[in-house]
Amino acid sequence: MKLFPIICTTGFTLSAIAILSACGNRTTMEACNIIEIEDAEVEVDIGDVDVERGEVEMVCGDKILDVTWGQFRRRLRIDPGRYKNNLTAFKRQVSCVRDERSRRKEVLCQVPGSNNFVALNFSYDD
């Protein structure tokens, strides 16, 4: 009979720890603001050639990120090149968020009318 209270107490303590641990692992999503659709470019310096693909530049929290046009084309079936001169229209076509605690270099984007988010790889703006 003396063993029963110890088991109940231990069971309650382990459950409380599990619940608190789960609450502590919440993701913190940051809305991303698309700020520019950049064309592909080639920069040539003496002894150095730098080729960049077309990118969509966005700010997520305090980070500036670049997502290639290819990511949008393949994963969301949206061509950012069609919206180079109309950023507002592009913003109506896609919205993105980023989990600030994630170590993965990806943003989660969604098109209007869809409940699904699609992961797009990014690089930090250079």
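Check the entry above for the structure.
Heads up: these notes are all about the structure in this document. The model shown is predicted, which means the values in this text are computed figures rather than measured ones.

Concerning the overall build of the protein chain
- Across its full length, the protein chain carries three helices and nine strands.
- Counting the 126 residues in the protein chain, one finds 29% classified as buried.
- Carbon and sulfur atoms make up 53% of the accessible area of the protein chain, which amounts to about 8900 Å² in all.

Describing the packing of aromatic side chains
- Scanning all chains against the criterion turns up three aromatic pairs.
- Between F122 and Y124, the aromatic rings sit 5.2 Å apart at their centres with planes inclined by 80°, giving edge-to-face as the arrangement.
- The rings of F72, Y83 and F90 are connected pair by pair, giving a single aromatic cluster.

What about the environment of E30?
- The topology assignment puts E30 in strand β1 (residues 29-38).
- Exposure remark for E30: the relative accessible area of 15% places this residue in the buried category.
- Remark: the alpha-carbon pair of E30 and V107, spanning 77 residues in sequence, is separated by 9.7 Å.
- Those residues in contact with E30, other than ones at most four positions away along the chain, are C60, G61, C96, V97, R98 and E100.

Section: the sheet that holds strand β9 (residues 123-124)
- Across the sheet, which stays open at both edges, the seven strands sit in the order β8-β7-β6-β1-β4-β5-β9 with antiparallel pairing between neighbours. Each having just a single partner strand, β8 (118-121) and β9 make up the two edges of the open sheet.
- Summarising the sheet, strand β5 (residues 63-68) and β9 pair through two bridges and their orientation is antiparallel. Within β9, the position partnered with L65 by the bridge is Y124.
- Helix α2 (residues 69-76) contacts β1, β4 (55-60), β5, β7 (106-110) and β8 of the sheet and is inclined by roughly 155° relative to β8.

A closer look at the state of the cysteines
- Going through the model one piece at a time under the given rule, you end up with two disulfides.
- Disulfide partner of C96: C109, at an S-S distance of 2.0 Å. With the S-S bond torsion at 105°, the cross-link from C96 to C109 turns out right-handed. Separated by 13 residues along the polypeptide, C96 in strand β6 (residues 95-99) and C109 in strand β7 bring together distant segments of the chain. Of the two residues examined, C96 and C109, each falls in the buried class.
- Cysteine pairing for the protein chain, with bonded cysteines counted in sequence order: 1-2, 3-4.

Let's talk about the environment of K91
- If you trace the backbone, K91 turns up in helix α3 (residues 87-93).
- Placed 20 residues apart in sequence, K91 and V111 show a C-alpha to C-alpha distance of 9.7 Å.
- In contact with K91, not counting residues within four places along its chain, are N33 and I34.

Observations regarding the side chain of E57
- Mapped onto the elements of the fold, E57 is located in strand β4.
- Every residue in contact with E57, bar those within four places of it in the chain, is listed here: N33, I34, I35, E36, E38, I64, L65, D66 and D125.

Brief notes about the nonpolar core
- Counting 22 residues, the largest nonpolar core has M58, F72, F90, V94 and V107 as the members making the most contacts within it.
- At the level of secondary structure, the elements contributing two or more residues to this core comprise β1, β4, β5, α2, α3, β7 and β8.
- Other than its neighbours up to four places away in sequence, F72 contacts V56, M58, V67, R77, I78, P80, F90, V94 and L120.

Parameters and conventions
Residues numbered from 1 in each chain as written. Predicted model: local features only at pLDDT ≥ 70, side-chain atom pairs only at ≥ 80, totals over all residues. Heavy atoms only, no water. Helix = DSSP H or I, 4+ residues; strand = E, 2+ residues; numbered from the N terminus. Buried < 20%, exposed > 50% of the residue type's maximum accessible area, 1.4 Å probe, protein only. Areas by Shrake-Rupley, 256 points an atom, 1.4 Å probe, with all protein chains shown as cover. Phe/Tyr/Trp six-rings, centres within 6.5 Å; stacked < 30°, edge-to-face > 60°. Contact = heavy atoms within 4.5 Å. Pairing = 2+ DSSP bridges. Axes fitted to C-alpha atoms, helices over the stretch in contact; angles between N-to-C directions. Disulfide = S-S within 2.5 Å. Core = buried A, V, L, I, M, F, W, Y, C linked by side-chain atoms within 4.5 Å.

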